[in-house]
2 protein chains.
Amino acid sequence: MRGRAWLRKEFETAGLNTSIDAGGNLIGRLGGNGLPLVAGSHSDTVPSGGRFDGMLGLLAALEAAQSFREQGVVLRHPLEVVDFLAEEPNDFGVSCIGSRSWAGALAPSDLAILAPAIELVGGDASRLHEPLRSAVAAYVELHIEQGVVLAQKQAEIGVVTAIVGIRRHEVAVLGRADHAGTTPMDLRRDALVGAADFIRNVDRMARQHPAEGPYLVATVGKITVEPNAVNAVPGSVRMILELRSTDESVLLAFEQAILTRCETFLKARGLDWTHSLLSQTKPTACSWHIQGAIEEAARTAGYNSVRLPSGAGHDGVFVARIAPMGMIFVPCRDGRSHTPEEWAEPADCARGAQVLAETLLILDRELAQ
Amino acid sequence: MRGRAWLRKEFETAGLNTSIDAGGNLIGRLGGNGLPLVAGSHSDTVPSGGRFDGMLGLLAALEAAQSFREQGVVLRHPLEVVDFLAEEPNDFGVSCIGSRSWAGALAPSDLAILAPAIELVGGDASRLHEPLRSAVAAYVELHIEQGVVLAQKQAEIGVVTAIVGIRRHEVAVLGRADHAGTTPMDLRRDALVGAADFIRNVDRMARQHPAEGPYLVATVGKITVEPNAVNAVPGSVRMILELRSTDESVLLAFEQAILTRCETFLKARGLDWTHSLLSQTKPTACSWHIQGAIEEAARTAGYNSVRLPSGAGHDGVFVARIAPMGMIFVPCRDGRSHTPEEWAEPADCARGAQVLAETLLILDRELAQ
């Protein structure tokens, strides 16, 4: 809240008409009535997080608005700079609270828990049972990439094509814990060996996915072995399988394929297994129109751009339910994020801010008021 | 110590001449001078352990001695029933304390720590810097199998061929922790996928080991993954590789083969790795003569016997340094041990005790006094 008080003052200093909406979002507005263009991000961060995730997009949007005003650029649309409330995971177990409020995507049970906190920051939870906004011309967000694709492709600007959908399964491989000394190999039902088959198949099948097809990544990031003792044949293994893709049908087909194959190779080892879907979100496409505008803006400014998906979630997932949505990525060092070492070069940040401003100008010319 | 007080009384009731030696071993002796035959095991157990591991061998030896006396069987050799001190892992970090004392295998640094405890049970640590015993005709121990080979082979008696040597390595696979959403498959260095390769290769190579060759088992029982988060590509994995074999050259050859192959397939994935030997014990062969005596005893009594190695450690490892050593295994339910559910059928225990007694009679006839 101290950060927000500072930010609000910056908004006001830049000449923006500043308010907090019912969703607890801090909004600085330039211009009068009509469908607004919206640019922004979030000022919250994770514990021990970096200085760029969220804040960069917010300051770039503020810089664009301030520059327009200083340079006497008069837009056809009002321009809103928005600091969405609580994008990151938090103690309430609900992320993207502010952008969800715009889309009416806060469940009554969430709202009951969130109400006091939303009111503490100046919002009004009683108005959030329906979408707070609908009339928005476009939403554009600048963000650090949080990955290494831009660096690998030597691109200065990333044009985001879509934000991935995520499906997580808990997969349990069930064998039999045995004495590792007295149990010959042919009498074992080693759950970790079965889990190793699973992990390798997930990796191999994801690598076989055609590069020209929709983005797909598949990861076993978490694993728990019982009894996990040096002298015991592992009896059971629990793993989380995480699938992310920009295409829902690819997600479902991959999931079906790995689980079918799993059935075969685990049975062949005499192992049982279970799986359960822990969570799912659907992929969100970015607006083709906004992707084109970002690309044009980058080209005009002389920067290399590449199209790429966002493998991480963003407020755009929810804003896209009520408005055309687009995102601009800039490189960050070694792809690192959610750590104090998170870093983006000032020149990359400046290029991103410039492309954001140019994109807003293009959209202002092209979109209906 | 309460258990031992009871046991000592049982020894005396059976007519054995009972004492505690400098190693803290409780010994009941039948007969006079000369090279003794020794039978026994250990009365200690692990926390929450079962009622058969150790105790069965001790009671069977006592039963044999008592029966000889009741039936007026006069042996050519003295017979000692021995309860070796502290065979199981304990708070001092030294197992097989009593049998080590016979072989002079307690290091001065261990003795310094153990002295008060050894003296508490009636021993004398000052006499343990050299082997306590050397003149022993044979040592025979009956024990539950702690495995499922006898059940699989429908054998009532196991003739132990050797006690395995054990080599443990810590193997670390080092990749790079990355965001599981934003890092495409071809840019990953996933340590868990490399570890999965390793685990599968260990299992496959151990299964390819010829069944007619020396016993070999290889296990990855313990694994630690960092950061072990659902949305992070694993950056590093630490595993313990445990190899057990009755043949030292097989142990070393397998170790060399897996580590050489590891180098190839981990490098191919862009992964680094390290390994370090954590511990090593050498295989211990059982006496051919005693194996033959056990087999003859079983055949005479009409029981099916099979030769098999012991994949677990026993006091025999140390006794074998000073005397011919042999072991008799009897089946235990589902191979389970070191748990309250540990169970051996009374009929199996009786068959084992009978074979132990017959074996002692055969050895008494055949061995020099």
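Residues numbered from 1 in each chain as written. Chains lettered and ligands numbered in written order. Predicted model: local features only at pLDDT ≥ 70, side-chain atom pairs only at ≥ 80, totals over all residues. Heavy atoms only, no water.

Some remarks on the interface of chain A and chain B
Next, step 1: Taken residue by residue, the interface counts 49 residues in chain A and 49 residues in chain B.
Next, step 2: Buried surface at the junction of chain A and chain B, both sides included, amounts to about 4,300 Å², of which 59% is carbon and sulfur.
Next, step 3: Of all residues in chain A, the largest losses of buried area upon contact with chain B belong to A:M185, A:R200 and A:V230, amounting jointly to 16% of the total for that side.
Next, step 4: Counting the contacts that link chain A with chain B gives four salt bridges.
Next, step 5: Counting the contacts that link chain A with chain B gives 18 residue pairs in polar contact (both at pLDDT 80 or more).
Next, step 6: Elements supplying a minimum of two residues to the side of chain A that touches chain B: α5 (149-152), α6 (191-208), β9 (216-226), β10 (232-233) and β11 (236-245) of chain A.
Next, step 7: Split by residue class, the side of chain A that touches chain B holds 25 nonpolar, twelve polar and twelve charged. (Contact = heavy atoms within 4.5 Å. Buried area = accessible area lost by both parts, 1.4 Å probe. Salt bridge = Lys/Arg side-chain N within 4 Å of Asp/Glu carboxyl O. Polar contact = N/O pair within 3.5 Å; in protein donor to acceptor, adjacent residues only side chain to side chain. Helix = DSSP H or I, 4+ residues; strand = E, 2+ residues; numbered from the N terminus. Nonpolar A, V, L, I, M, F, W, Y, C, P; charged D, E, K, R; others polar.)

Focus on empty space enclosed by the protein
Next, step 1: The final tally for this structure, using the stated rule, is three cavities of 30 Å³ or more.
Next, step 2: By volume, the largest cavity is sized at about 70 Å³.
Next, step 3: Along the walls of the largest cavity sit A:G181, A:T182, A:P184, B:E145, B:G147, B:V149, B:Y215, B:L308, B:P309, B:G311 and B:F329, which together make up its complete lining.
Next, step 4: Tallied by class, the residues present in the lining of the largest cavity amount to six nonpolar, four polar and one charged.
Next, step 5: One number sums up the size of the second largest cavity: a volume of about 50 Å³.
Next, step 6: A:E145, A:V149, A:Y215, A:L308, A:P309, A:S310, A:G311, A:F329, B:G181 and B:T182 together form the lining of the second largest cavity.
Next, step 7: Within the lining of the second largest cavity, the residues separate by chemical class into five nonpolar, four polar and one charged. (1 Å grid on protein atoms, 1.4 Å probe; cavity = no way out; pocket = protein on both sides within 12 Å on 5 of 7 lines; lining within 4 Å. Points joined across faces, edges and corners; volume = space filled by probe spheres on them.)

Describing the relation of the copies chain A and chain B
Next, step 1: Mapping chain A onto chain B leaves a residual RMSD of 0.2 Å; the transformation is a rotation of 180° accompanied by 0.1 Å of translation along its axis. Read as a symmetry element, the transformation amounts to a two-fold axis. No C-alpha of chain A approaches the rotation axis more nearly than that of A:A196, which lies at 2.1 Å.
Next, step 2: When the interface residues of chain A are mapped onto chain B, 100% of them are again interface residues, pointing to one common binding face. (Least-squares fit on C-alpha atoms with pLDDT ≥ 70 in both.)

Quick look at the pairing of strand β3 (residues 37-41) of chain B
All names here are of chain B.
Next, step 1: In terms of burial, β3 is largely enclosed, as five of its five residues are buried.
Next, step 2: Neither face of β3 is left uncovered, since the one carrying L37, A39 and S41 and the one carrying V38 and G40 both have all their residues buried.
Next, step 3: By the bridge criterion, five bridges tie β3 to strand β4 (residues 79-83) in an arrangement that is parallel. Across the sheet, the residue bridging to L37 is L79, located in β4.
Next, step 4: Between the parallel elements β3 and β4, the chain passes through helix α2 (residues 55-70) in a crossover that is right-handed.
Next, step 5: By the bridge criterion, three bridges tie β3 to strand β5 (residues 138-144) in an arrangement that is parallel. Paired with V38 across the two strands is Y139, which belongs to β5. (Buried < 20%, exposed > 50% of the residue type's maximum accessible area, 1.4 Å probe, protein only. Pairing = 2+ DSSP bridges. Right-handed = clockwise from strand over helix to strand, strands pointing away.)

Here's the deal with the side chain of B:D203
Next, step 1: By secondary structure assignment, the location of B:D203 is in helix α6 (residues 191-208).
Next, step 2: In this structure B:D203 comes out as buried when scored by relative accessible area, which is 3%.
Next, step 3: The residues contacting B:D203, other than those within four sequence positions of it, are A:M185, A:V193 and A:R269.

Topic: the sheet that holds β11(A)
Residue and element names in this part refer to chain A.
Next, step 1: Spatially, four strands are ordered β9-β11-β7-β12 in an open sheet, and the strand pairing comes out antiparallel. Both edges of this open sheet fall to β9 and β12 (272-281), since each of them pairs with a single strand only. Across the sheet, the mean angle separating the axes of adjacent strands is 15° when strand polarity is ignored.
Next, step 2: Across ten bridges, the pairing between β9 and β11 is antiparallel. By the bridge assignment for β11, T224 is matched with R238.
Next, step 3: Across the sheet, α6 is in contact with β7 (165-174), β9 and β11; its angle to β9 comes to roughly 170°.
Next, step 4: Where helix α7 (residues 248-268) meets the sheet, it contacts β7, β9, β11 and β12, and its direction lies at approximately 5° from that of β7. (Axes fitted to C-alpha atoms, helices over the stretch in contact; angles between N-to-C directions.)

A short note on the sheet that holds strand β12 (residues 272-281) of chain B
All names here are of chain B.
Next, step 1: Taken in spatial order, the four strands make up an open sheet running β9-β11-β7-β12, and their pairing is antiparallel. Edge positions in the sheet fall to β9 (216-226) and β12, since each of these pairs with one other strand and no more. Neighbour-to-neighbour, the strand axes of this sheet turn through a mean angle of 15°, independent of strand direction.
Next, step 2: In terms of strand pairing, strand β7 (residues 165-174) meets β12 through nine bridges, oriented antiparallel. Note that in β12 the partner of H169 across the bridge is L277.
Next, step 3: Its contacts with the sheet put helix α7 (residues 248-268) on β7, β9, β11 (236-245) and β12, and the angle it makes with β7 is roughly 5°.

Describing the packing of α6(B) against α7(B)
All names here are of chain B.
Next, step 1: Where α6 contacts α7, the axes come no closer than 10 Å and their chain directions differ by 145°. α7 is crossed by α6, and the crossing has right-handed handedness. Contacts between α6 and α7 involve G194, D197, F198, N201, V202, R204, M205 and A206 from the first element and F254, A257, I258, R261, C262, F265 and L266 from the second.
Next, step 2: Its residues assigned to classes, the contact of α6 with α7 shows ten nonpolar, two polar and three charged. (Left-handed = near helix turned anticlockwise from the far one by under 90°.)

Quick word on the side chain of A:S41
Residues and elements named next belong to chain A.
Next, step 1: Checked against the element boundaries, S41 lands in strand β3 (residues 37-41).
Next, step 2: On the basis of relative accessible area, S41 is assigned to the buried category, the value being 0%.
Next, step 3: Polar contacts involving the side chain of S41 include one to the side chain of E141, which spans 2.7 Å.
Next, step 4: Residues in contact with S41, not counting those within four places in the same chain, are G54, G57, L58, V82, D83, F84, Y139, E141, L142, H143 and D315.

Regarding the packing of aromatic side chains
Residue and element names in this part refer to chain B.
Next, step 1: For the structure on display, the rule yields six aromatic pairs over all chains.
Next, step 2: Taking 4.9 Å as the distance between ring centres and 75° as the angle between the ring planes, the aromatic pair formed by F84 and W102 counts as edge-to-face. Of this pair, F84 sits in the loop between β4 and α3 (97-103) while W102 sits in helix α3, and the two are 18 residues apart along the sequence.
Next, step 3: F84 sits in the buried class, given a relative accessible area of 1%.
Next, step 4: On the basis of relative accessibility, which here comes to 0%, the residue W102 falls in the buried class. (Phe/Tyr/Trp six-rings, centres within 6.5 Å; stacked < 30°, edge-to-face > 60°.)

Considering helix α4 (residues 108-120) of chain B
Residues and elements named next belong to chain B.
Next, step 1: Compared with the 18 Å implied by 1.5 Å per residue over 13 residues, the 18 Å span of α4 between its first and last C-alpha is a close match.
Next, step 2: Residue L114 marks the point of greatest curvature in α4, where the axis turns by about 55°; the proline P116 follows within four residues.
Next, step 3: If you check which residues of α4 are buried, you get L111, L114, A115 and I118.
Next, step 4: Close packing links the buried residues of α4 with α3.
Next, step 5: Just downstream of α4 lies G122, where phi reads positive at about 105°. (Expected span 1.5 Å × (residues − 1). Bend = angle between axes of the 7 residues up to and from the residue.)

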